[in-house]
Amino acid sequence: MEKAAGGWINGFIGVAIFAGSLPATRVAVADFDPTFLTCARATIATVPGLALLLLLRQPRPKAADLPSLALAALGGVVGFPLLTALALQHVSAAHSIVFIGLLPICTAIFAVIRGGERPKPLFWVFAAVGAAFVAGYAAWEGVESSLQGNLYMLVAVAVCGLGYAEGARLSRTLGGWQVISWSLVLSLPVMLPIALWTMPDSFEHVSVPAWIGLGYVSLFSMLLGFVFWYRGLAQGGIAAVGQLQLLQPFMGLGLAALLLHEKVSWTMLVVTLAAVACVAGAKKYAK
């Protein structure tokens, strides 16, 4: 029971950190190229991640772990950051955030495929209803739509679900912060050269908010958030704790309203309560 409770607490902290990712990316992508932003955030995050691995003398992953680490890196280090940055060139932060409501189902599906988890049938009912509330919220608000931006977000959610499930499975043996740190190290030989290649000739045009956005997605979204998130998924179960992602769209919308001055309507509050109920129901039938 204590382990499961700890999993939900760690998972909630991770979700709260991730909630600021899309608003911060929205601000940063205004002055940074999406490819540079993606590679730069991964390169910056690798520095403290590698330092922790060396200072604490963590053992290297086994050869059998490398394919899973590569999938975790593909989803969390490369795919989701790049695709969301591209999407945010076409859609607003509010529009992109509502797609995050689909993450619990994607994570649960990959947990079943890759992690061997078998949640009860009612779990899927609550997961589907929760995702439907989020999709319904987007339709009710009538936010602007871009086919290209929507496609980017759909693929981003899919690869992120794969990365979450794979990373959580590895964290049971390697540890949460070790998984994201090794994923960053594994991706560094690719991300660093691309970051240098796509780096702008001058940073004079870059605003202070864009620098803050880069700093947030590099240290919080790319490293600290994953430390809590992977630990939570490993402790409480991938499919179960993964349902906390339903809260992320509304946390993100709140931050978008605060930072980007986007309107927060009463429907947001109503759907948030419905999403919380779905999370509670999914938790009950997760195992």
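Shown above is the structure to which this text applies.
Quick summary incoming for the structure in this document.

**Here we look at the overall build of the protein chain**
Item 1. What the protein chain contains, in helices and strands, is 13 helices and zero strands.
Item 2. Across the protein chain, helices and strands are ordered from the amino to the carboxyl terminus as α-α-α-α-α-α-α-α-α-α-α-α-α.
Item 3. Whereas a compact globule of 287 residues would reach a radius of gyration of roughly 19 Å, the protein chain reaches 18 Å, a difference of no more than 12%.
Item 4. For the C-alpha atoms alone, the extent of the protein chain along its principal axes is close to 50 × 45 × 30 Å.
Item 5. Within the protein chain, counting contacts between residues at least 6 apart in sequence, those at least 24 apart form 91% of the total.
Item 6. Of the roughly 12,700 Å² that the protein chain leaves accessible, carbon and sulfur atoms contribute 71%.

**Regarding the packing of aromatic side chains**
For any pair of aromatic rings, the description consists of the separation of the ring centres together with the inter-plane angle of the planes.
Item 1. Enumeration according to the criterion identifies 12 aromatic pairs in this entry.
Item 2. On the numbers, 5.3 Å between centres and 55 degrees between planes, the contact of Tyr 164 with Trp 229 is tilted. Residue Tyr 164 is located in helix H8 (residues 147–174), and its partner Trp 229 is located in helix H10 (residues 208–236); the two are separated by 65 residues in the primary sequence.
Item 3. Overall, Tyr 164 belongs to the buried group, its relative accessible area being 4%.
Item 4. The class for Trp 229 is buried, based on a relative accessible area of 0%.

**Re helix H12 (residues 248–260)**
Item 1. For H12, spanning 13 residues, the distance from its first C-alpha to its last is 17 Å, which sits close to the expected 18 Å at 1.5 Å a residue.
Item 2. Within H12 the residues assigned to the buried category are Gln 248, Pro 249, Phe 250, Gly 252, Leu 253, Ala 256 and Ala 257.
Item 3. Following H12 by one or two positions, His 261 adopts a phi angle in the positive range, close to 60 degrees.

Reading the values: the criteria
Residues numbered from 1 in each chain as written. Predicted model: local features only at pLDDT ≥ 70, side-chain atom pairs only at ≥ 80, totals over all residues. Heavy atoms only, no water. Helix = DSSP H or I, 4+ residues; strand = E, 2+ residues; numbered from the N terminus. Rg over C-alpha atoms; globule rule 2.2 N^0.38 Å. Contact = heavy atoms within 4.5 Å. Areas by Shrake-Rupley, 256 points an atom, 1.4 Å probe, with all protein chains shown as cover. Phe/Tyr/Trp six-rings, centres within 6.5 Å; stacked < 30°, edge-to-face > 60°. Buried < 20%, exposed > 50% of the residue type's maximum accessible area, 1.4 Å probe, protein only. Expected span 1.5 Å × (residues − 1).

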